[in-house]
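# Inside the fold
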Amino acid sequence: MTRTQRKLEHIHYALQTGQHRLSGFEDISFVHQSLPDLSTEGISLDTAIGGLHASSPIFINAMTGGGGKETENLNRDLAMAAKETGISMAVGSQMAAIKDPAQAASFEIVRKMNPDGIVIANLGGEAGIEEAKRAADMLKADALQIHLNVIQELTMPEGDRTFEGVLARIEEIRLKLDIPVIVKETGFGMSKETVAQLCSAGISILDVGGFGGTNFARIENERRQTALTLFNDWGIPTAVSIAEAVSAGEDTSILASGGIQDALDVAKCIALGADGAGIAGHFMKSLKEKGMTALIHEIEDLHQELRIIMTALGAKNIKELQDSSLVISGKTYHWLTQRGID
Ligand code: FNR
């Protein structure tokens, strides 16, 4: 099976396996405030992600790897939605286009459609500095995501079994690439230990990619109808992972992702300390089932609903939303208590 076919199957099974609601957001409650003393129009959604300044904390997370015409079409539609709504967008893994430059067009379309927007390149932890430079150049990217997907690889019979040298490669890329490097998980979450390791390598933007939404262990199992089910429920829920990352990542910009579907999820991620919130599977589902115009409306609604939540909380900007009061209960509370995170 080619890389392109595999990537298209991922989209198919991600939609079929569905978006679970297991990210722990139900354990997070805002404390109602009766005197917000502001108006919705005055609210700013601007946020700083490392050195990048974005007009929205919401971004389209990496999905569209593999190359080929279908990837190109998806990238075109997602880039259009990003441009129309002013949100940032990451592409899926560009390794296919690094290995076969004929596939580059399916990624370059993103920059062509959205010349002034924030566009983020994407490669896996196996990439070295030369590949990183080519991926960044392909998109005139504003940042590069490096994804970590150990559990997906281990679930696949033909997947990687050696994971040596990843942190050293990430550090070299961070030192030699002239755009920010974001290290992201892909649905299994980041622990405070992982965050500390990445910070020691100088990484200052992390996307926790938590458990609870798209689940690549389940996707790989469904794809093959085999049963390496060991990892089907493995991972750190997104709400927990944000708190873990914030506790370990001083001077680090934390991005939340993994199972985010609505404005309340986004607000909770930010209140837990995230500077931005990435949505992958849920946006793909909207695009495939309802089309690009519907996706644009959905993102506009998310922005408006986020402003409404911020009005209720009396938070006039992202910084104030990060400082709002929360109560944490249930499994998330137990997890954080046992891990010594308050
Ligand atoms: C992904 N994801 C992903 N991540 C990455 O860094 N590179 C990639 O190529 C892909 N490919 C990909 C394809 C499809 C179809 C999906 C749904 C997802 C992972 C994605 O960026 C994100 O980390 C997880 O999907 C968790 O977020 P959601 O989907 O729960 O919002």
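Source: prediction; values computed, not measured. Sequence positions are assigned chain by chain, starting from 1 and proceeding in written order. Reporting in this predicted model follows two pLDDT cut-offs: at least 70 for local features of residues, and 80 or more for side-chain atom pairs to be given and counted; totals over whole chains, interfaces and linings ignore these cut-offs and use all residues. For the side-chain quantities, the full set of heavy atoms in the structure was used; hydrogens and water were omitted.

### Some remarks on the packing of aromatic side chains
Condition: To pair, rings of Phe, Tyr and Trp, with the six-membered ring standing in for Trp, must have centres within 6.5 Å; the planes then decide the type, stacked if under 30 degrees apart, edge-to-face if over 60, and tilted in the middle. Burial classes: relative accessible area under 20% of the type maximum marks a residue as buried, over 50% as exposed, and values in between as partly exposed (1.4 Å probe, protein chains only).
In the structure shown here, the tally under the stated rule is one aromatic pair. Between the aromatic rings of Phe231 and Trp234, the centroid separation amounts to 5.0 Å while the plane-to-plane angle is 90 degrees, which identifies the pairing as edge-to-face. With a relative accessible area of 47%, Trp234 lands in the partly exposed category.

### A closer look at the site of the ligand
Counted only if it meets this: Being near a molecule or strand, for a residue, means having at least one of its heavy atoms within 4 Å of it. For this analysis, a polar contact is any N or O atom pair within 3.5 Å, provided that within protein one partner can donate a hydrogen and the other can accept it, and provided that sequence-adjacent residues contribute only side-chain to side-chain pairs. Here, Shrake-Rupley sampling with a 1.4 Å probe gives the accessible areas, and only protein chains in the shown set may cover a residue. Going along the chain from the N terminus, every DSSP run of H or I of four or more residues is numbered as a helix, and every run of E of two or more is numbered as a strand.
Taken together, 23 residues are adjacent to the ligand, and Ala62, Lys184, Thr214, Gly259 and Gly281 come closest. Ala280 is positioned such that a nitrogen or oxygen atom in its backbone is 3.0 Å from an oxygen atom of the ligand. In isolation the ligand offers 610 Å² of accessible surface; the protein chains occlude 98% of this area. Put simply, the parts of the chain that give the shell around the ligand at least two residues each are helix 1 (3-17) and strand 8 (181-185).

### Notes on the UniProt feature "binding site: substrate" (unreviewed entry) in the protein
Note the threshold: UniProt positions are given in the numbering used here, feature names are shortened, and annotations may be inferred rather than shown by experiment. Any two residues whose heavy atoms approach within 4.5 Å at even a single point are treated as in contact.
With numbering matched to this structure, UniProt assigns "binding site: substrate" (unreviewed entry) to Arg6, Lys7 and Gln152. These annotated residues cover 147 residues of sequence, but their C-alpha atoms sit close together, with the largest distance between any two at 13.0 Å. Tracing the chain through its elements places Arg6 in helix 1. Within the element layout of this structure, Lys7 appears in helix 1. Taking relative accessible area as the criterion, Lys7 reaches 18% and is therefore assigned buried. Beyond its immediate chain neighbours, meaning those up to four positions away, Lys7 contacts Gly65, Gly66 and Ser93.

### Points about a negative patch on the surface
Condition: Each patch is assembled from residues with relative accessible area greater than 30% and no salt bridge, linking like charges that lie within 9 Å and nonpolar side chains (Val, Leu, Ile, Met, Phe, Trp, Tyr) that lie within 5 Å. Here, a salt bridge means any Lys or Arg side-chain nitrogen found within 4 Å of an Asp or Glu carboxyl oxygen. Neither His nor the chain termini are counted; the positive set is Lys and Arg, and the negative set is Asp and Glu. For the purpose of locating charges, the reference atoms are NZ of Lys, CZ of Arg, CG of Asp and CD of Glu.
Taken together, the side chains of Glu84, Glu300, Asp301 and Glu305 define an acidic patch exposed on the protein surface. A total of three residues in the negative patch trace back to one element, the largest contributor, which is helix 13 (residues 292-313).

### Things to note about helix 4 (residues 105-113)
Here helix 4 has its buried residues at Ser106, Phe107, Ile109, Val110 and Arg111. Where helix 4 is buried, its residues touch helix 2 (68-85), strand 5 (88-90), helix 3 (95-99), strand 6 (119-124) and helix 5 (129-139).

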